[in-house]
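Tertiary structure, described
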Amino acid sequence: MSDGGDVFAGIDLGGTKILVLIAGADGRVLGQARVATQAAQGPEAVIARIADTVRAAAADAQIELSTIRAAGVSAPGPIDVAEGVITDPPNLPGWHNVPLAKTLHDRLAIPTLLENDANCQGVAEHQFGAGRGYADMIFITVSTGIGGGIIINNELYSGTSGAAGEVGHIGVSIDGPTCGAGHVGCLEAFASGTAIAARAKEMIAAGGLIRTARLAEHDPPVSAKTVFLAGQQGEAEATALIESAGRYLGIGLASLINIFNPQAIVIGGGVANMGETILGPAVETARTRAFAQSFTDVRIVEGELGERAAALGAIAVARDAVAKARI
Ligand SMILES: [Zn+2]
């Protein structure tokens, strides 16, 4: 039950799952619900499922829907934050210019706003997780893709059109593979889970990564996790591949450190769970490429909030919008 303060809903709309948390302004979770997105069914079915999941989370929190002051939605980009529209997300097939914030507001009678998923995770780590107490903080998530959120002077920096923080698209090479957005040489194309898996497949096709290939036969497809596990089992070539991704990640970290001179960089996402194997080379590369004072002053830490981060960040975004009378 709520203690009488405002209560918010945080909705994490992902390609595979919808997670809804109900929480107070301090981020203390009162209830939750989760379902599979079933994105292939298209926007109408998914929006109905989101609304049902918010109702289920409110029931779990033992509150009336009408007592929810505002809702935030963490959604995959690209999105139009100001209009609350999901424009063209690659992992939600059939979604094109869907006015999600307005539609949910109409269905649930709760003021709703939309924010990019990586920005939400960054806000969450800043407010409730590993980034607490750091006024200037960069969040980077290394997962199937690479995203980020920039916190300057305790505020999310959104940029002119709400599209800032695309740290996965820092250029690290003049050529090479293309990223999810079709650019050449982006960090994401060298250090994301997708990039590691793609490189592993090339190496397997050329007769390399024998243990990785064997593991993937039992548990397909080849993924970054398969490569990591093979490395754990002693395949030096697999560990070298992860370390190489780590060095590219370090080039990205050095750019962030040199440009923003932050107090902290918080690293989240599934690939970051590989720990020292990828983060060791990343930090070492960052050290050699960043200005010495800036490197000395930055704390590089792992995220604390895991898969709850996006929904918690959506709650913080909704709460802050209410505080500023933006919704
Ligand atoms: Zn790119």
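Residues numbered from 1 in each chain as written. Predicted model: local features only at pLDDT ≥ 70, side-chain atom pairs only at ≥ 80, totals over all residues. Heavy atoms only, no water.

**Focus: the side chain of Gln121**
Looking at where Gln121 falls in the secondary structure, it is placed in helix H3 (residues 117-128). Beyond its immediate stretch of four places on either side in the chain, Gln121 contacts Phe139, Thr141, Ala309 and Ala310. (Helix = DSSP H or I, 4+ residues; strand = E, 2+ residues; numbered from the N terminus. Contact = heavy atoms within 4.5 Å.)

**Things to note about the domain arrangement of the chain**
Partitioning the chain into domains gives domain 1 (7-121 + 307-323) and domain 2 (133-303). Here the C-alpha centroids of domain 1 and domain 2 sit 27 Å apart. On the domain 2 side, the residues contacting the six residues of domain 1 number nine residues. Summing both sides of the interface, domain 1 and domain 2 together bury roughly 600 Å²; the carbon and sulfur share of this comes to 47%. A per-residue breakdown of the area domain 1 buries against domain 2 is headed by Ala118, Asn119 and Gln121, which together make up 71% of the total. At the boundary of domain 1 and domain 2, one finds zero salt bridges. Summed over the shared surface of domain 1 and domain 2, the result is zero residue pairs in polar contact (both at pLDDT 80 or more). At the level of secondary structure, the elements contributing two or more residues to the side of domain 1 that touches domain 2 comprise strand E7 (112-116) and H3. The element contributing the most residues to the side of domain 1 that touches domain 2 is H3, with three residues. (Domains from an automatic or database assignment. Buried area = accessible area lost by both parts, 1.4 Å probe. Salt bridge = Lys/Arg side-chain N within 4 Å of Asp/Glu carboxyl O. Polar contact = N/O pair within 3.5 Å; in protein donor to acceptor, adjacent residues only side chain to side chain.)

**Section: the coordination of the zinc ion**
The zinc ion binds to the protein through His169 (ND1), Cys179 (SG), His183 (ND1) and Cys186 (SG), with metal-donor distances spanning 1.9 to 2.3 Å. Coordination of the zinc ion draws on donor residues from a single chain, spaced H-x9-C-x3-H-x2-C in sequence. Side by side, Cys179 and Cys186 carry an identical accessibility label, which is buried. (Donors = N, O, S within 2.8 Å, 3.2 Å for Na, K, Ca; no water. Buried < 20%, exposed > 50% of the residue type's maximum accessible area, 1.4 Å probe, protein only.)

**Some words on the nonpolar core**
Ile140, Ile196, Leu249, Leu253, Ile265, Ile267 and Ile278 are the most contacted members of the largest nonpolar core, which totals 46 residues. Secondary structure elements with two or more residues in this core: strand E8 (137-142), strand E9 (146-152), helix H4 (188-191), helix H5 (193-205), helix H7 (224-232), helix H8 (236-260), strand E11 (264-268) and helix H9 (276-289). Sorting elements by how many residues they give to this core places H8 first, with 10 residues. Residue contacts for Ile267: discarding those within four places in its chain leaves Ile140, Val142, Leu253, Ala272, Leu279, Ile300, Val301, Glu302 and Gly303. (Core = buried A, V, L, I, M, F, W, Y, C linked by side-chain atoms within 4.5 Å.)

**Notes on the pairing of E9**
Side-chain positions along a regular strand alternate between the two faces of the sheet. Burial within E9 is extensive, with six of its seven residues counted as buried. With six bridges joining them, E8 and E9 adopt antiparallel strand pairing. What sits directly across from Ile138, in E9, is Ile150. Connecting E8 to the antiparallel partner E9 that follows it, the hairpin turn spans three residues. As paired elements, E9 and strand E10 (residues 155-156) share two bridges and run antiparallel to each other. (Pairing = 2+ DSSP bridges.)

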